[in-house]
Amino acid sequence: MRSPEETERFIRDAAVNADEARDASVLGKMREAYASSTPAVSAQRPDYWGLVFESRLARFAAAAVILLSLIIVVGQFGAFVAGGDVAWADVTQRFQSVPFFYASIYMKQDARSWPLHCELWMSKGGNARVHVGPQVVFGREGQVTRAFDVWQRKDVEADRAATDLIRKLAMSGEFSLETLIQCISTGKLVDITPAMNAQAAIGEDLVVFHAQLAADPGSVRIYALRESRLPVGLRISDPAEGFVVDALITYPKEQPAISFDPEAFAAELRDPANSATSLIYLFLNEPGAGDMMHGNPPQ
Amino acid sequence: MEDRVLVWRLNRGDATALARVYEKYRDGLLRLAASLLNDHAAAEDIVQDVFVRFAATARTFRLTGSLNGYLATCAANAARNNLKAARHRETTGIDEDTAGTSDTPSPERWLISSEQFARVSGAMGELPPEQREVVTLHLYGDMPFREIAEWQETSIKTVQSRYRYGLDKLRSLLNSEMDI
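Throughout this description, residue numbers start from 1 for each chain and increase along the sequence as written. For this description, chains carry letters from A and ligands carry numbers from 1, given in the order in which they are written. Given that this is a predicted model, residues contribute local features only at a pLDDT of at least 70 and side-chain atom pairs are listed and counted only at 80 or more, while totals for whole chains, interfaces and linings are drawn from all residues. Heavy atoms throughout the structure, all of them, feed into the side-chain values; hydrogens and water do not.

Asks: Got a minute to help me understand the environment of Val135 of chain B in this structure?
Replies: All names here are of chain B. Along the polypeptide, Val135 turns up in helix 7 (residues 129-139). Relative accessible area decides the class of each residue, using a 1.4 Å probe on protein chains only: under 20% of the type maximum gives buried, over 50% gives exposed, and in between gives partly exposed. A relative accessible area of 0% means that Val135 is categorised as buried. Between the C-alpha atoms of Val135 and Leu167, which are 32 residues apart in sequence, the distance is 7.1 Å. Runs of E in the DSSP output that reach at least two residues are strands. Runs of H or I that reach at least four are helices, and both are numbered from the N terminus.

Asks: Help me understand the packing of helix 2 (residues 20-35) of chain A against helix 3 (residues 40-57) of chain B in this model?
Replies: A packed helix pair is summarised by two numbers, namely the angle formed by the two axes and the spacing between the axes. As a rule, the C-alpha atoms of each element are fitted with a line to give its axis, helices using only the stretch in contact, and angles between N-to-C directions run from 0 to 180 degrees. Two numbers describe how helix 2 of chain A lies on helix 3 of chain B: the axes approach to 7 Å, and their chain directions differ by 30°. Put simply, helix 2 of chain A runs roughly parallel to helix 3 of chain B. In the packing of helix 2 of chain A onto helix 3 of chain B, the handedness of the crossing is right-handed. Taking contact as the criterion, the partners of Arg22, Val26, Lys29, Met30, Ala33 and Tyr34 of chain A in helix 2 of chain A are, on helix 3 of chain B, Glu44, Asp45, Gln48, Phe51, Val52, Ala55 and Ala56 of chain B. When residue character is reported, Ala, Val, Leu, Ile, Met, Phe, Trp, Tyr, Cys and Pro are called nonpolar, Asp, Glu, Lys and Arg charged, and the others, Gly included, polar. The residue inventory of the contact of helix 2 of chain A with helix 3 of chain B, partitioned by class, reads 8 nonpolar, 1 polar and 4 charged. Relative orientations are named as follows: roughly parallel for angles under 35 degrees, roughly antiparallel for angles over 145 degrees, roughly perpendicular for angles from 65 to 115 degrees, and oblique for any other angle. When the near helix sits turned anticlockwise from the far one by under a right angle, the crossing is termed left-handed; a clockwise turn instead gives a right-handed crossing. Residue contacts are counted whenever heavy atoms from the two residues lie within 4.5 Å of one another.

Asks: Could you clarify how one ought to interpret the environment of Asp205 of chain A in this entry?
Replies: All names here are of chain A. Secondary-structure assignment places Asp205 in the loop between helix 7 (177-184) and strand 8 (206-212). A residue is classified by how much of its surface remains accessible, and Asp205, at 56% relative accessible area, is exposed. Taking the C-alpha atoms as reference points, Asp205 and Glu227, separated by 22 residues in sequence, lie 6.9 Å from one another. With residues up to four places along the chain from it excluded, the contact list for Asp205 reads Ala224, Leu225 and Arg226.

Asks: Teacher, can you tell me more about the packing of aromatic side chains here?
Replies: When we look at a pair of aromatic rings, we describe it by the centre distance and by the angle of the planes. Residues and elements named next belong to chain A. Pairing of aromatic side chains here covers Phe, Tyr and the six-membered ring of Trp, requires ring centres within 6.5 Å, and sorts the geometry by plane angle: under 30 degrees stacked, over 60 edge-to-face, intermediate tilted. Under the definition given, this model contains 11 aromatic pairs over all chains. Each ring, one from Phe100 and one from Phe260, has its centre 6.2 Å from the other, and the planes form 65°; the classification is edge-to-face. Taken together, the residues span a long stretch of sequence, with Phe100 in strand 2 (residues 100-108) and Phe260 in the loop between strand 11 (243-250) and helix 8 (262-269) at a distance of 160 residues. Of the two residues, Phe100 and Phe260, both sit in the buried class. An aromatic cluster of at least three residues, connected via ring pairs, comprises Tyr102, Trp121 and Tyr281. Just above the ring of Trp121 sits the side chain of Arg129; from NZ or CZ to the centre is 5.7 Å. In our convention, an over-ring charge means Lys NZ or Arg CZ found within 6 Å of a ring centre and within 35 degrees of that ring's normal.

Asks: Explain the nonpolar core here, please?
Replies: One broad trend across soluble globular proteins is that nonpolar side chains are buried collectively. By size, the foremost hydrophobic cluster in this structure holds 64 residues, and its most contacted members are Ile11 of chain A together with Leu67 of chain B. A total of 12 residues in this core trace back to one element, the largest contributor, which is helix 2 (residues 16-37) of chain B. The contact partners of Leu67 of chain B, leaving out residues within four places of it in the chain, are Asp3, Val7, Val21, Tyr25, Phe54 and Phe61 of chain B. Put simply, buried Ala, Val, Leu, Ile, Met, Phe, Trp, Tyr and Cys residues joined by side-chain atoms within 4.5 Å make one nonpolar core. Among the nonpolar cores identified, the runner-up in size contains 32 residues, and Trp88, Val91, Val132 and Val220 of chain A belong to it.

Asks: How should I be thinking about the packing of helix 2 of chain B against helix 3 of chain B in this particular structure?
Replies: Residues and elements named next belong to chain B. It is at 9 Å that the axes of helix 2 and helix 3 come closest, and there the two elements cross at 145°. For the element pair helix 2 and helix 3, the recorded crossing hand is right-handed. Together, Leu18, Val21, Tyr22, Tyr25, Arg26, Leu29, Leu30, Ala33, Ala34 and Leu37 of helix 2 and His40, Ala42, Ala43, Glu44, Ile46, Val47, Val50, Phe51, Phe54 and Ala55 of helix 3 make up the contact between the two elements. For the contact of helix 2 with helix 3, a count of residues per class yields 17 nonpolar, 1 polar and 2 charged.

This is the structure in structure tokens:
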């Protein structure tokens, strides 16, 4: 007897295809219907941040995806050139070689708002763990495996923002910031080649990659260490709105396998000795210190 | 996120985004509708209708959840109406040929089913409609149980039970198929 998971996979994998001649006919009808509908939106300055990130959490996760996909996708910005002898491809390749990273991401929707915070742990084997609000969400190879609400102390359906984050990062090969930028400029934007920003880094040990979004004042910056080529900071900002996303990336030694194990997490969830806060960091080690849960000294 | 960009483009009059929406969701919607109805011709009509209606409203469309979920819900609503109409025709004895065109096969076939999908679709037809809806919307529409519960106007626990029972039945029906 096959397992329920295998049955789910069998159903999901059952493919269909479509006849191309009929495709053309349906697309023609769609275009006709679209053309005969009434335009409603005036051509204003594109509020693409508001478009892309509609709800607060979705906005947050989507921004994180943009930031991290930027450095995960090698070669996406072939023309991304930094100062000296450090090329963008060096940075992305170096990043791909690390076995584990942690990202702490802050987002402000406008200049007056307090930042929202999200944490992400990812290991080379395809394991991911996300902390957003009260949820701790586990993922493997782009799929959410289990999600928990540490305040309600139960299994929950993963927040869509966390699901998107896990899914998109695992599928970063098909996610393209270049496409996104071209989309938001409705195809008018062609040249997105970023230039080196020499004024953004006074120290020689830091290189800054900068991409200006021509359709808007928004910009993307990636801070990397010159010698190790490791990206350590990322920023998306739109000065017109005061919208900012900052990510701090760190590279501790790989976390224990149990920290990505949702079953082990579930077993601890109902133990009243674990506070909600300690559950969020359950099984994770603070580099150079003890475990994040109890603050124990390093072994 | 790509969906928000596509909708934004459509809101601003960029018709080229229609092709991407179509290409992205065509197979998923065809699978979903065919599984719900177990009738490929009717499923094709429904999916075409969903796409055309979406295109007609795309300039003013506001995306509040996922586009996939929205389109899947439209297809599921249409499938439900189609099944109701079919039941009505059966009980009133109206001749199918005069009642509508959805059961009439189109000259050319749009949906090309794999052997595996034909088996799954056949097995889905053995499920009670509520279970079939839950399994199909969850696995082919990527809809979370919470959204399915809202759509079926029931509790999330009921939806989860329906999913479990439905999957168990499919598991036993498809067990020998999966060994192949």
